[in-house]
Amino acid sequence: MRLMMWQAAEQTRNQRLRMNKTAKLEIDGKVYELPIVIGTEGERAIDISTLRRDTGYITLDDGYANTGSCLSRITFIDGEKGILRYRGIPIEDLAHNSTFVEVAYLIIYGELPNQKQLKRFSDLLTQNENLHEDMKFHFEGFPYNAHPMAILSSMINASSCFYLDLRGPYDPKRFEVEAARIISQVRTIAAFSYRKSLGLPIIYPKPTNKYTANFLHMMFSEPYQEYPLQPEVVRALDLIFLLHADHEQNCSTATTRFIASSQANLFACAAAGVCALWGPLHGGANQAVIEMLQQILETGDDGSKFITEVKDKKSGKKLMGFGHRVYKHYDPRAKIIKQRCDQLLKVLHREDPLLDIAKRLEQAALNDSYFIERKLYPNVDFYSGIIMRAIGIPLEMFTVIFAIGRMPGWIANCREIMESSDSRIYRPRQIYMGQTERPYVPIEERT
Ligand code: CMC
């Protein structure tokens, strides 16, 4: 019943968004009218969904920079103005007032939870925090130096084997538990894989700990000694999770939507999201930033030599943590993280030479015509690694932290697909540029 009402509301909304305005396209002297779609924030799109049927043409947009792949109600970004909102609420307000768990609920269910809803959601996270005991044997199969993103993706997928009900089609009645299970267990898997990589005994979750505190406990406690939780450290990591919670149709989220469109289960979608996130141009950039800063430090460069190298395309180098497909302005998440970075190091009485280099690089880049002309600013990954270093998170786990944070966004996006009556399997087309038809050559005649 709830699903039907939701679908009806969605259809009405979709009709409302398809305004009467049209765009005209002329091909070979024939004019075609294409509907214009206007979003709630005034974003405009030309609806080409019947273009091939009507004209025989498709559109070509390598890299999808001009392609809107869906209508979504989750996250709004204005890259020109540096605006990011989850379900309409500015990221700055959420960062200042909220927690990751509250924001996860907001992203998935569309509203901030009241106290009762928050308790129910938190209880579900706690009830689902333990992995099936047999999962521990799977960890044994990985070499000690395996990358934790590989382990994370494999283990998320493997964990679906332990829930037989996932074999059936999507069921909205099961969604609440499944979503909580993934959000909760991704943190347990991440901590277990870290402990395994060091040959340390696994630390089980503690039901009395809240989400982020529990992750730190599983990472850093020992059987003989509890990790002393410092509120500033817990809050800083919680903020990192919160700021990564969703970011509309980025590479990994679009990937999870792709998988969801084939009606695969949520675990399969999340595992694929982890793989897409891993690359250095996406979530892997937070690790790449620290590696870059470390290299600069080791060579004794103050950053200026590196900036010169980056501008020379032949060097193949990029200023990692800079630039964004959507933001042509300072990434609002980077602004918040930079501030928290300074605060945390102060509270912990730490100095980090990498932070000094990062700030120098930022200043140099923001005053350099190469970066100004291309509108390249720090993105979320530029300063997040400094916070994670200060907390004691090892470099190889940085992208895993991103994945834990992004889980609510992936789940919410998959849900949009799974619960939409309009959704079809994602299946882009291509323009074939290969050989035209030619005969098969037997092996003895090949040169
Ligand atoms: N350093 C130096 N030059 C850059 C950089 C950079 N970080 N980013 C873009 N450029 C140049 C690029 O070479 C191109 O120059 P030209 O016009 O002369 O060919 C121009 O700026 C436009 O760049 P683009 O490659 O067309 O931009 P894109 O939208 O395809 O790529 C990006 C976006 C984020 C992949 C890219 O900016 C990049 O590689 N940045 C470094 C990696 C990084 O920090 N990634 C994290 C992104 S934010 C978190 C996330 O979403 O995962």
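Before reading on, note that the structure itself is shown above.
Calculation rules
- Residues numbered from 1 in each chain as written.
- Predicted model: local features only at pLDDT ≥ 70, side-chain atom pairs only at ≥ 80, totals over all residues.
- Heavy atoms only, no water.
- Helix = DSSP H or I, 4+ residues; strand = E, 2+ residues; numbered from the N terminus.
- Rg over C-alpha atoms; globule rule 2.2 N^0.38 Å.
- Buried < 20%, exposed > 50% of the residue type's maximum accessible area, 1.4 Å probe, protein only.
- Contact = heavy atoms within 4.5 Å.
- Areas by Shrake-Rupley, 256 points an atom, 1.4 Å probe, with all protein chains shown as cover.
- Lys, Arg positive; Asp, Glu negative; His and termini not counted.
- Charge placed at Lys NZ, Arg CZ, Asp CG, Glu CD.
- Near = heavy atom within 4 Å.
- Polar contact = N/O pair within 3.5 Å; in protein donor to acceptor, adjacent residues only side chain to side chain.
- Nonpolar A, V, L, I, M, F, W, Y, C, P; charged D, E, K, R; others polar.
- Core = buried A, V, L, I, M, F, W, Y, C linked by side-chain atoms within 4.5 Å.
- Phe/Tyr/Trp six-rings, centres within 6.5 Å; stacked < 30°, edge-to-face > 60°.
- Lys NZ or Arg CZ within 6 Å of the ring centre and 35° of its normal.
- Salt bridge = Lys/Arg side-chain N within 4 Å of Asp/Glu carboxyl O.
- Pairing = 2+ DSSP bridges.
- Axes fitted to C-alpha atoms, helices over the stretch in contact; angles between N-to-C directions.
- Parallel < 35°, antiparallel > 145°, perpendicular 65-115°, else oblique.
- Left-handed = near helix turned anticlockwise from the far one by under 90°.

Asks: Just to check I follow, could you spell out the overall build of the chain for this structure?
Replies: Counting secondary structure elements, the chain contains 19 helices and six strands. The C-alpha radius of gyration of the chain comes to 24 Å, within 12% of the 22 Å expected for a compact globule of 447 residues. Dimensions of the chain, computed from C-alpha atoms along their principal axes, come out at roughly 75 × 65 × 60 Å. Classification of the 447 residues of the chain by burial places 48% in the buried group. Excluding contacts between residues fewer than 6 apart, the proportion of contacts in the chain whose partners are at least 24 apart in sequence is 71%. Carbon together with sulfur atoms contributes 52% to the accessible area of the chain, which is approximately 23700 Å² in total. Looking at the chain, you have 55 positive and 53 negative side-chain charges, and the mean spots of the two groups are 3 Å apart.

Asks: Would you explain the site of the ligand in this entry?
Replies: Taken together, 21 residues form the shell around the ligand, and within it His 282, Lys 313, Lys 318, Leu 319 and Arg 325 come nearest. In this structure, Arg 374 approaches the ligand through a side-chain N or O atom, which is 2.9 Å from an oxygen atom. At 2.9 Å, a side-chain N or O of Asn 379 approaches an oxygen atom of the ligand. Protein contacts shield 74% of the accessible area of the ligand, which totals 930 Å² for the unbound molecule. Considered class by class, the residues forming the shell around the ligand number ten nonpolar, six polar and five charged.

Asks: Just checking my understanding: could you explain unusual backbone geometry for this structure?
Replies: Comment: phi is negative for the bulk of residues other than glycine, and the bulk of peptide bonds are trans. Of note in this structure, Gln 263 is not a glycine but carries a positive phi near 70°. Turning to its location among the elements, Gln 263 is positioned in the loop between α11 (251-261) and α12 (266-278). Classification of Gln 263 by relative accessible area gives exposed; the value is 69%. Positioned with a positive phi, Lys 375 is a non-glycine residue whose angle comes to about 55°. Within the secondary structure layout, Lys 375 lies in the loop between α17 (369-373) and α18 (381-391).

Asks: Looking at this model, I keep getting lost on the nonpolar core. Mind explaining?
Replies: Most often, soluble globular proteins keep nonpolar side chains buried together rather than apart. Leu 152, Ile 156, Phe 215, Met 292, Leu 293, Leu 319 and Leu 361 are the most contacted members of the largest nonpolar core, which totals 121 residues. Considering each element in turn, this core owes the most residues, 13 residues, to helix α19 (residues 398-418). Every residue in contact with Leu 152, bar those within four places of it in the chain, is listed here: Val 186, Ile 189, Ala 190, Val 274, Val 400 and Ala 403.

Asks: Which parts of the structure should I look at to understand the packing of aromatic side chains?
Replies: Two aromatic rings are characterised by how far apart their centres lie and by the angle between their planes. Using the criterion set out here, one finds 19 aromatic pairs in the structure. Between Phe 100 and Phe 241 the ring centres are 5.4 Å apart and the planes differ by 50°, which places this aromatic pair in the tilted class. Of this pair, Phe 100 sits in helix α4 (residues 100-109) while Phe 241 sits in helix α10 (residues 231-243), and the two are 141 residues apart along the sequence. The pair Phe 100 / Phe 241 is uniform in exposure class, with both members buried. Relative to Tyr 204, the ring of Phe 192 lies with its centre 6.1 Å away and its plane at 85°, an arrangement referred to as edge-to-face. With Phe 192 in helix α8 (residues 172-197) and Tyr 204 in the loop between α8 and α9 (211-220), the pair connects residues that are twelve residues apart, well separated along the chain. Overall, the relative accessible area of 34% leaves Tyr 204 in the partly exposed class. Members of the aromatic cluster, each reached through a chain of ring pairs, are Tyr 105, Tyr 109, Phe 121, Tyr 170 and Phe 175. The cationic tip of Arg 187 hangs over the ring face of Tyr 211; the distance from NZ or CZ to the ring centre is 4.2 Å. A cation sits over an aromatic face here: Arg 374 above Tyr 370, 3.9 Å from the ring centre.

Asks: Is there a simple way to think about the pattern of salt bridges in this case?
Replies: Working definition: two side chains of opposite charge can pair if their charged atoms are close together. One pass over the structure, following the stated rule, counts 20 salt bridges. Taking the shortest distance from any N to any O, the salt bridge between Glu 178 and Arg 174 comes out at 2.8 Å. Pair noted here: Glu 178 and Arg 174 are both in helix α8, with a separation of four residues, about one helical turn. We classify Glu 178 as buried; its relative accessible area is 5%. A relative accessible area of 19% means that Arg 174 is categorised as buried. Linked through salt bridges whose partners overlap, the residues forming this network are Lys 305, Glu 309 and Lys 317.

Asks: Can you walk me through the pairing of strand β2 (residues 30-38) in this structure?
Replies: Sheet faces and side chains relate simply in a regular strand, where the side chains alternate between the two faces. Sheet topology places β2 next to strand β3 (residues 44-46); three bridges connect them, and they run antiparallel. The partner of Ile 38 across the bridge, within β3, is Arg 44. In sequence, β2 turns back onto β3 through a hairpin of five residues, with Gly 42 there showing a positive phi of about 85°.

Asks: How do you make sense of the packing of helix α13 (residues 285-299) against α19 when you look at a structure like this?
Replies: Any two packed helices are characterised by how steeply their axes cross, that is the angle between the axes, and by the distance between the axes. Running from N to C, α13 and α19 point in directions that differ by 150°, and their axes come no closer than 7 Å. In this view, α13 runs roughly antiparallel relative to α19, as classed from their interaxial angle. In this structure, α13 crosses over α19, and the sense of that crossing is right-handed. Contacts between α13 and α19 involve Asn 286, Gln 287 and Ile 290 from the first element and Phe 398, Thr 399 and Phe 402 from the second. Residue classes in the contact of α13 with α19 are distributed as three nonpolar, three polar and no charged.

Asks: Please explain the environment of Leu 25 as it appears in this structure.
Replies: Mapped onto the secondary structure, Leu 25 falls in strand β1 (residues 18-27). In this structure, the C-alpha to C-alpha distance between Leu 25 and Leu 51, residues 26 residues apart in sequence, is 10.0 Å. Excluding anything up to four places from it in sequence, Leu 25 contacts Lys 30, Val 31, Tyr 32, Leu 34 and Leu 51.

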